[in-house]
Every structure is written in C-alpha cells, then in structure tokens.
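Descriptive structure summary
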Amino acid sequence: MYTFHLYFFAKVNPLLKLGIHDFLNASPILLLLKEKGPDLGFQIVTDSPAALADRLNSGDLDLAMIPSVEYFKSADNYRLVPNICIASRGQVRTVLLLAKKPISEITSIAADIRSRTSVALLKILFPFNDNLSIHPFPPDPKSMLAEHPAALIIGDPAFKLNKLSSDITVYDLSEEWFKQTGKPFVHAVLAVSEKVTLNKNQKNLFQIARVQGYRRIKEIVSNYKNLPDVENAVLEDYLENKIKYNLDDEGIDGLNHFINLCYQNGVISKKIFIRFI
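First, a word on what this report is: a plain description of the structure on this page.

Conventions and cut-offs
Residue positions are counted from 1 within each chain, in the order its sequence is given. Reporting in this predicted model follows two pLDDT cut-offs: at least 70 for local features of residues, and 80 or more for side-chain atom pairs to be given and counted; totals over whole chains, interfaces and linings ignore these cut-offs and use all residues. To get the side-chain values, take all heavy atoms of the structure and skip hydrogens and water. Two strands are counted as paired when DSSP detects at least two bridges linking them. Runs of E in the DSSP output that reach at least two residues are strands. Runs of H or I that reach at least four are helices, and both are numbered from the N terminus. Note on terminology: a nonpolar core comprises buried Ala, Val, Leu, Ile, Met, Phe, Trp, Tyr and Cys residues joined through side-chain atoms within 4.5 Å. When a residue's accessible area, from a 1.4 Å probe over protein chains only, is under 20% of the maximum for its type it is buried; when over 50% it is exposed; and in between it is partly exposed. Residues are treated as being in contact if the distance between any of their heavy atoms lies within 4.5 Å. Every angle, taken between N-to-C directions, lies between 0 and 180 degrees, and every axis is a line fitted to C-alpha atoms, over only the stretch in contact when it is a helix. Reported orientations rely on four angle classes, namely roughly parallel under 35 degrees, roughly antiparallel over 145, roughly perpendicular from 65 to 115, and oblique for the rest. Left-handed is the label given to a crossing in which the near helix is rotated counterclockwise from the far helix by less than a right angle, and right-handed is the label when the rotation is clockwise. Method remark: on a 1 Å grid restricted to protein atoms, a set of points is classed as a cavity if a 1.4 Å probe fits but cannot get out and as a pocket if it is open with protein on both sides within 12 Å along at least five of seven lines; lining residues have an atom within 4 Å of a point. Grid points are joined across faces, edges and corners, and a volume is the space filled by probe spheres set on the points. For this classification, Asp, Glu, Lys and Arg are treated as charged, while Ala, Val, Leu, Ile, Met, Phe, Trp, Tyr, Cys and Pro are nonpolar and the rest, including Gly, are polar.

1. Details of the sheet that holds strand 10 (residues 185-193)
The mixed open sheet is built from 6 strands, whose spatial order is 2-1-3-10-4-11. A strand with exactly one partner marks an edge of an open sheet, and here the two such strands are strand 2 (42-46) and strand 11 (243-244). Sheet topology places strand 3 (residues 63-67) next to strand 10; 5 bridges connect them, and they run antiparallel. Across the sheet, the residue bridging to methionine 65 is leucine 190, located in strand 10.

2. What about the nonpolar core?
Ile66, Tyr71, Phe72, Leu97 and Phe206 are the most contacted members of the largest nonpolar core, which has 87 residues in total. With sequence-adjacent residues up to four places away left out, tyrosine 71 is seen in contact with Ile66, Tyr78, Leu80, Val189, Ile272, Phe273, Ile274 and Arg275. Counting 11 residues, the second-largest nonpolar core is a separate cluster that includes Leu98, Phe137, Leu161 and Ile168.

3. Overview of the packing of helix 5 (residues 117-125) against helix 7 (residues 173-181)
Put simply, helix 5 and helix 7 touch, their axes get as near as 11 Å, and they point 45° apart. With respect to helix 7, the axis of helix 5 lies oblique. The two elements helix 5 and helix 7 cross, and the hand of that crossing is left-handed. Contact with helix 5, carried on its side by Ser118, Leu121, Leu122 and Leu125, involves Leu173, Glu176, Trp177 and Gln180 of helix 7 and no other residues of that element.

4. Structural notes on the side chain of threonine 117
Mapped onto the fold, threonine 117 is located in helix 5. When residues no more than four places from it in sequence are discounted, the contact partners of threonine 117 are Pro67, Ser68, Val69, Phe185, His187 and Phe258.

5. A few points about the sheet that holds strand 9 (residues 169-172)
Here 5 strands make up an open sheet; going across it, the order is 7-6-8-5-9 and the pairing mixed. One side of each edge strand has no neighbouring strand; the edge strands of this open sheet are strand 7 (133-137) and strand 9. Neighbouring strand axes in the sheet, compared pairwise and without regard to direction, differ in orientation by 25° on average. Pairing geometry for strand 5 (residues 95-99) and strand 9, over 4 bridges, is antiparallel. Bridging across to strand 9, leucine 97 finds its partner in tyrosine 171. Its contacts with the sheet place helix 5 against strand 5, strand 6 (108-112), strand 7 and strand 8 (150-154), and it is angled at close to 135° to strand 8.

6. Comments concerning empty space enclosed by the protein
Where empty space is left in the structure can be found by rolling a water-sized probe over the atoms. Counted under the stated rule, the structure contains 1 cavity of 30 Å³ or more. Estimated volume of the largest cavity: approximately 190 Å³. Along the wall of the largest cavity there are 17 residues; nearest its centre are Asn25, Val95, Ser115, Ile154 and His187. Broken down by secondary-structure element, the contributors of at least two residues to the lining of the largest cavity are helix 5 and strand 10. In terms of residue class, the lining of the largest cavity is made up of 9 nonpolar, 8 polar and no charged.

7. With respect to the packing of helix 5 against helix 11 (residues 249-264)
Packing of helix 5 against helix 11 leaves a shortest axis separation of 10 Å and a crossing angle of 70°. The angle between helix 5 and helix 11 places the two elements in the roughly perpendicular class. At the point where helix 5 passes helix 11, the crossing takes the left-handed sense. Here helix 5 contributes Thr117, Ala120, Leu121 and Ile124 to the contact with helix 11, which in turn contributes Phe258, Leu261 and Cys262. Tallied by class, the residues present in the contact of helix 5 with helix 11 amount to 6 nonpolar, 1 polar and no charged.

In structure tokens, the structure reads:
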C-alpha cells in the first residue's frame, strides 16, 4: 500500500526540473537546493548557463538560473523568482576580457561558449569596430588567444589566469560596468516558465537557500574540488564580498538599466518589463 501511494504521488505531482550552473558563484544556492529541493518537489539539474537557457526555452526545464540577457529575449514566457540572483557590484574577477591589442584595434574575440550575458555586455561597454566578430570557444585562454586578439573568459577558469603574458590587458567586465553606470550588474536570474506554479514552500526554499548558503561559505569552499590550486581565502573572499545573491531594489535598478542598454544597442528587439511570480 505504501509503495502504491508513493507511485501515485509521483504520477500526480511530478518533480519540477530546476536548472542551475555549478560554477563556484552558484555553490551557496546549489548546496541548499540539493539538500532540500527533492523533498519539496524539485529535481536539480546542473549545466552551463547557456545550456540552461536553451533547455528552459525548449521546455526541458521548468525553471532555471539563466543569463540575464537570455531572460530578456524570452521575458514574455517567463517570470522571475524575487529576491534571488547572481550579481556583483564592482570588480568580480570571473568575467574577464583578455586583450592583446587596444580595444579600437580588436576585430575578433574568442568568447567562452558557456555564457551569453557577457557577450552582450562586451558590446555595450567597449567601443569596438563595427566589423567585430565573436567566435564561440571552449574556455581555454591559450588556444583562444592563439587564434584571436582577445578572449572572453567567465567562471572558474578565470581564477587560473595567474601567468598571463605582460602584453595582455585584463578588463573585469563587472568593474567596467560599475565604473560606467554606478550600478550593480545582475549576471543571472532565476526564471520560471509561464506555465509553472510554485507553492509557498517551494518559493520560500530559494530565500532559505540564499541566506543559509551564505552562512556556510567556509564549508562550501573547503568541499569545492574544481579549483584545488586556489587558496581557500581567495575563494571565500569571492563568495562573501564579490558575489551578491539578493535581487534587491538596487539590483532591479541595475537589471532595468541593462535592459534599456540592450534595447538601445540592438541586443534585444523590444523593451521588456520584469515580472515576478
């Protein structure tokens, strides 16, 4: 009888597929989602930010942490979970443009295949030539710069850039954004498909994950295996002081400013208005 009830519950209440990337910057949220998500009706799926956006758009996922520019492009189909995001205010260190030439002389950029927001941000921040071409690449700076005069690197690989040639200029895109706008930059948002409804406990989980995950940063860093050559203190500082997880009024202002600039620069075809669940 017990087995029957479990089967019946699973058929009537299938797990919602929740996508999130597994870069270090998402770890405080991911930790709690993995621990508590299944009991609240979520199946946790990890993938790259760009892949999550495609999977949410195709219907393979019900909700996902996706690049903010991908939310802009499909905003009519999504609503956002309030008070949660991945953002930064000033230097962040994990969204970097590596340039072998002055910006005005760069005609091609090898861009990390795993992100799209950063590509849009590049075009807004820097006065590139009109003939600039963007080429998707696996995140390997050596091969990227061997074929192109500049490379865009995001996420964990950026922590490994300690021995760059002296002729390479490094631009931190979050820092450049803050210099130009004075606003935080929202890299990723938690978007929910229009057809999906979350109950109160499911909504509360994201706020619990944001708060409790931040309190467990030392534990998260000590258990993080993808950056063994980076000192724990560096990673802890990154999560505690560089990354912001609360989509507050200041973050919403920064997100709306990015929407307007994307529209003005032709990244999106129409202005959108943020809708929350």
